[in-house]
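# Observations on the three-dimensional arrangement
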Amino acid sequence: MTPSAEPVRSALAVRAARARHLARAHPESREALEFYAALAELQRSFVDSPGVISADAARVPFAAALDADRAALLVPPLLAWCRDEARGGVASTLLARPSTSRPDWPGVLSRCWISGGPVDEDLDDIDRFLAEAVLQPFAELAATGPEPATGATPARAATGARCPVCGGLPVVGTLRERGHGAARAFVCGFCLTEWPAARIGCPSCGETTFERLPVFRADEFRAARIDACDTCRACLKTIDLTVDGTALPVVDDVATLALDLWAVAQGYRKVRLNLLRL
């Protein structure tokens, strides 16, 4: 049976509320957070669209759960919404970038779904954003059904750096209380599945030498840090829920964009860009 959309709709509402709360506390990220909140509310309306996720989603592999033709029908209303939102900030920045591609949207969405995110080299940033913004709530839906659809290849799952459900890359890490310490996990940037990760290790190249894995913090973001790798120059933000138990990792990631900008200025690259292509 098709998974109920209600848990995903509820999660999107909670993220929107968290984004608006953080927008008041982090004026430097206000525009991005307000855009994220409005987008989450639009995605809530998308997730009830009939037929996008297979009626057999609980029994088929994740890669087979999407009807790409039906999903493609949501791209035009999303683009129209972006144009309405383009009064400044994130939407106008995305739309200001010249479109260099004319996607076959069913094909693009299908490849994006199978890859665990928009990796199509022919897509520009706006089209990558449109693809991911349409698909993400359905990816979360397919991953959180009564029997979550599974589909990551053994090679991907074995590395620990790929989502065990969709094969996507982590967009953020978490630390949660566990026993007498904190357990590390990764959050998929596509289906938002969270899975256990080694306490020390680069999700990009697998480096485990402590001295090659610097951690950077800023006083103004007590619950966020940058975990970097001096071997491959990748970095991943970690949200420490032992410091702030109210944090929502994918939202608090947007609120702390200043950390990402600093890391990029130091020559690091993010393992995976977030939904806003930041």
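This text follows the structure it describes.
How each quantity is defined
- Residues numbered from 1 in each chain as written.
- Predicted model: local features only at pLDDT ≥ 70, side-chain atom pairs only at ≥ 80, totals over all residues.
- Heavy atoms only, no water.
- Helix = DSSP H or I, 4+ residues; strand = E, 2+ residues; numbered from the N terminus.
- Buried < 20%, exposed > 50% of the residue type's maximum accessible area, 1.4 Å probe, protein only.
- Core = buried A, V, L, I, M, F, W, Y, C linked by side-chain atoms within 4.5 Å.
- Contact = heavy atoms within 4.5 Å.
- Pairing = 2+ DSSP bridges.
- Axes fitted to C-alpha atoms, helices over the stretch in contact; angles between N-to-C directions.
- Left-handed = near helix turned anticlockwise from the far one by under 90°.
- Nonpolar A, V, L, I, M, F, W, Y, C, P; charged D, E, K, R; others polar.
- Phe/Tyr/Trp six-rings, centres within 6.5 Å; stacked < 30°, edge-to-face > 60°.
- Expected span 1.5 Å × (residues − 1).
- Parallel < 35°, antiparallel > 145°, perpendicular 65-115°, else oblique.
- Salt bridge = Lys/Arg side-chain N within 4 Å of Asp/Glu carboxyl O.

### Here's the deal with the overall build of the protein
- Looking only at helices and strands, the protein has ten helices and seven strands in total.
- The proportion of buried residues among the 278 residues of the protein is 54%.

### A few points about the nonpolar core
- One finds Leu-39, Leu-78 and Trp-113 to be the most contacted residues of the largest nonpolar core, which totals 88 residues.
- The element best represented in this core is helix α7 (residues 125–143), accounting for twelve residues.
- What Leu-39 contacts, discounting residues up to four positions off in sequence, is Leu-78, Trp-81, Phe-129, Ala-133, Leu-275 and Leu-276.

### A closer look at unusual backbone geometry
- Even without a glycine there, the phi angle at Arg-233 is positive, about 65°.
- Structurally, Arg-233 is set in the loop between β5 (221–228) and β6 (234–240).
- On the basis of relative accessible area, Arg-233 is assigned to the partly exposed category, the value being 30%.

### Details of the pairing of β5
- For β5, the tally of buried residues reaches seven of eight residues, placing the bulk of the element in the interior.
- Bridge count between strand β4 (residues 215–218) and β5: four bridges; the pairing is antiparallel. When the sheet's bridge partners are listed, Ala-218 is paired in β5 with Phe-221.
- Here β4 folds back onto β5, and the loop between the two strands holds two residues.

### Details of the packing of helix α4 (residues 75–85) against α7
- Contact geometry of α4 with α7 gives a least axis separation of 10 Å together with a crossing angle of 115°. Crossing geometry of α4 relative to α7 is assigned as right-handed. Along its contact with α4, which presents Val-75, Leu-78, Leu-79 and Cys-82, the element α7 presents Phe-129, Leu-130, Ala-133 and Val-134.
- Considered class by class, the residues forming the contact of α4 with α7 number eight nonpolar, no polar and no charged.

### Let's talk about the packing of aromatic side chains
- Considering all chains together, one arrives at seven aromatic pairs under this definition.
- Taking 6.0 Å as the distance between ring centres and 40° as the angle between the ring planes, the aromatic pair formed by Phe-35 and Phe-129 counts as tilted. Here the residue Phe-35 occupies a position in helix α2 (residues 30–46), and Phe-129 occupies one in helix α7, the gap between them amounting to 94 residues.
- Accessibility expressed as a relative area gives 4% for Phe-35, which makes it buried.

### Re α2
- An ideal rise of 1.5 Å per residue puts 24 Å on 17 residues; α2 measures up with 24 Å between its terminal C-alpha atoms.
- When α2 is considered as a whole, its buried residues turn out to be Ala-32, Leu-33, Phe-35, Tyr-36, Ala-37, Ala-38, Leu-39, Ala-40, Leu-42, Gln-43 and Phe-46.

### Some points on the packing of α2 against α7
- At a minimum axis distance of 9 Å, the contact between α2 and α7 shows a crossing angle of 55°. For the element pair α2 / α7, the angle class is oblique. You can see that α2 and α7 cross each other, and the crossing is right-handed. Facing Phe-35, Leu-39, Gln-43 and Phe-46 of α2, the residues of α7 in contact are Phe-129, Ala-133, Gln-136, Pro-137 and Phe-138.
- Among the residues forming the contact of α2 with α7, the class breakdown is seven nonpolar, two polar and no charged.

### With respect to the pattern of salt bridges
- Within the structure shown, the criterion is met by 16 salt bridges.
- Its salt-bridge partner being Asp-244, residue Arg-18 comes within 3.5 Å of it at the nearest N-O pair. Of the two residues, Arg-18 is situated in helix α1 (residues 6–25) and Asp-244 in the loop between β6 and α9 (249–255); the sequence distance between them amounts to 226 residues.
- With relative accessibility at 23%, the residue Asp-244 sits in the partly exposed group.
- Here Asp-252 makes a salt bridge to Arg-18, at a shortest N to O gap of 2.8 Å. Residue Asp-252 is found in helix α9, and its partner Arg-18 is found in helix α1; the two are separated by 234 residues along the sequence.
- In this structure, a network of salt bridges that share partners links the residues Lys-237, Asp-253, Asp-260 and Lys-270.

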